[in-house]
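Inside the fold
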Amino acid sequence: MEHNTEKLVDDILKSYRRHELITRLDEENILNKEILIEVTEKIRQLLFPGYFDPNRVRTEYAKFLVGERLEFIQYHLRKQVAKALGNSELCEECRRSAIVEKAENLVYEFLGRIPAIREYLETDIQSAYDGDPAAYSTDEIIFCYPGVFAITIYRIAHELWLLGIPMIPRIITEYAHNLTGIDIHPGATIGKYFFIDHGTGIVIGETTQIGDNVKIYQGVTLGALSTRKGQQLKGVKRHPTIGSNVTIYSGTTILGGETVIGDGATIGGNAFIVNSVSAGTKVSVKSPELEFHGGGPAGGGRRGPEQPKTD
């Protein structure tokens, strides 16, 4: 069979002209995802000094190390922010010099929030340690817990989101989503002492509001009740509000912008909630009865998972 490479090239070029929505020719690249991930890791080193460094960080050299990292972050992040602003609807008519100046100011303002991000992260680490008997040290939590990694990336991205920087916050949170299976939209508002246990499969939507001292287990969705109106819902409160001191166990789905889970509530596993829950309420799903065929539970009998055999 004879292969016609020239025809393949022509067919692909035709598809470029036919499908312009997913084609970007003769234009500057929007963003460099790899650079943004590298910048994010540098920010993480600023947030957790001495944890993700190849060598021991001495106190007397910390000032120089911080300065070097700030210079790297400022240089690369400023360029990426300028690209994001230049390609956004907000800055279609902005002069290039104005865009560069705005990007520089935004990056400087973001870096000024590093101490505040660290304050929040310390509470998250403490919450994880206090709430998990399997944790033997806070070092273990910082190094090993995917929930802490996802929360860290979220807290970085959230500050960029609050500054109105387009696209970059989403790229950063999707980096964490890809590695951990935890999907936190940078627009969500999350208080202090936030703990994600295990974490895989968690989804927290854009307009979610979460108070202080909240604990969430794997497989929890804080989502929208309906998105059939698509872009018409942009900017509308679509996701639930979770009060302070709330625990949400695995597999639970809570939907809707008007749904409020009151302070101190406990939501059991596998619940499906579309209505508000009063403060202090404990919600649980009635367990189905288990049937055993060709054997049975140890000790005999037939019972559901919440009806253990008693003597």
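The text that follows walks through the structure, step by step, so that each part is easy to find. (Residues numbered from 1 in each chain as written. Predicted model: local features only at pLDDT ≥ 70, side-chain atom pairs only at ≥ 80, totals over all residues. Heavy atoms only, no water.)

1. Points about the overall build of the protein chain
So the rule is basically this: Counting from the N terminus, the helices are DSSP H or I runs at least four residues long and the strands are E runs at least two residues long. Classification of residues uses two cut-offs on accessible area relative to the type maximum, computed with a 1.4 Å probe and protein chains only: under 20% is buried, over 50% is exposed, and between them is partly exposed. In this analysis, two residues are considered to be in contact whenever any of their non-hydrogen atoms come within 4.5 Å of each other. Note on areas: Shrake-Rupley with a 1.4 Å probe; residue coverage comes only from the protein chains shown.
Counting its regular elements, the protein chain contains eight helices and 14 strands. Across the 311 residues that make up the protein chain, the buried fraction comes to 39%. Here the analysis covers contacts within the protein chain between residues at least 6 apart in sequence; of these, 47% occur between residues at least 24 apart. Put simply, the protein chain shows about 18,700 Å² of open surface, and 50% of that area lies on carbon and sulfur atoms.

2. Thoughts on the packing of aromatic side chains
Here a ring pair, both rings aromatic, is described through the centre-centre distance and the interplanar angle of the planes. Our working definition: Centres within 6.5 Å are what make two rings of Phe, Tyr or Trp a pair, Trp counting through its six-membered ring; a difference in plane orientation under 30 degrees is then read as stacked, over 60 as edge-to-face, and the rest as tilted.
What the rule picks out here adds up to seven aromatic pairs. Note on F48 and F52: the rings are 6.1 Å apart at their centroids and 90° apart in plane angle, and the pair reads as edge-to-face. Consider the rings of F52 and F143, whose centres lie 5.7 Å apart with planes at 80°: the pair is edge-to-face. With F52 in the loop between α2 (33–47) and α3 (62–86) and F143 in helix α6 (residues 138–144), the pair connects residues that are 91 residues apart, well separated along the chain. Its relative accessible area of 22% is what places F52 among the partly exposed residues.

3. Focus on the side chain of D132
Here is the rule: Charge counting follows a simple rule: Lys and Arg are positive, Asp and Glu are negative, and His as well as the terminal groups are ignored. A pairing counts as a salt bridge when a side-chain nitrogen of Lys or Arg comes within 4 Å of a carboxyl oxygen of Asp or Glu. N or O atoms within 3.5 Å of each other form a polar contact, as long as, within protein, one can give a hydrogen and the other can take it, and as long as residues adjacent in sequence are counted only when both atoms are side-chain atoms.
Tracing the sequence through the fold places D132 in the loop between α5 (114–131) and α6. Summary of buried charges: D132 has no salt-bridge partner, and the nearest side chain of opposite charge, K215, is 6.6 Å away. A polar contact of 2.8 Å, which involves the side chain of D132, links it to the side chain of Y145. Setting aside residues up to four positions removed in sequence, D132 forms contacts with Y145, F195 and D197.

4. Some words on the sheet that holds strand β3 (residues 195–197)
Selection rule: Between any two strands, pairing holds if DSSP finds at least two bridges.
Strand order in the open sheet made by the five strands is β3-β6-β9-β12-β14, with parallel pairing throughout. Every interior strand has two partners, whereas the edge strands, β3 and β14 (282–283), have only one.

5. Some thoughts on the sheet that holds strand β5 (residues 209–210)
Pairing is parallel in the open sheet, where four strands are placed in the order β2-β5-β8-β11. Edge positions in the open sheet fall to β2 (189–190) and β11 (260–261), since each of these has one partner strand only. In terms of strand pairing, β5 meets strand β8 (residues 241–242) through two bridges, oriented parallel. In the sheet register, Q209 faces β8, and the bridge partner there is T241.

6. A look at the environment of K192
Considering the arrangement of structural elements, one finds K192 in the loop between β2 and β3. Classification of K192 by relative accessible area gives partly exposed; the value is 22%. Spatially, the C-alpha atoms of K192 and L121 are 7.9 Å apart, while their sequence positions differ by 71 residues. Leaving out residues up to four positions away in the same chain, K192 has contacts with E119, Y120, T123, D124, R155, G211, D212 and N213.

7. Concerning the packing of helix α7 (residues 146–162) against helix α8 (residues 168–180)
Selection criterion: Axis lines are fitted through C-alpha atoms, for helices just across the contact stretch, and the angle between N-to-C directions can take any value from 0 to 180 degrees. Under this scheme an angle from 65 to 115 degrees is roughly perpendicular, one under 35 degrees roughly parallel, and one over 145 degrees roughly antiparallel; angles in between are oblique. Under the scheme applied here, ten amino acids are nonpolar (Ala, Val, Leu, Ile, Met, Phe, Trp, Tyr, Cys and Pro), four are charged (Asp, Glu, Lys and Arg), and all others, including Gly, are polar.
Two elements in contact, α7 and α8, have axes separated by 8 Å at closest approach and are oriented at 175°. The angle between α7 and α8 falls in the class roughly antiparallel. Between α7, through P146, F149, A150, I153, Y154, A157, L160 and W161, and α8, the contact on the second element is made entirely by I168, P169, I172, T173, Y175, A176, L179 and T180. Considering only residue class, the contact of α7 with α8 consists of 14 nonpolar, two polar and no charged.

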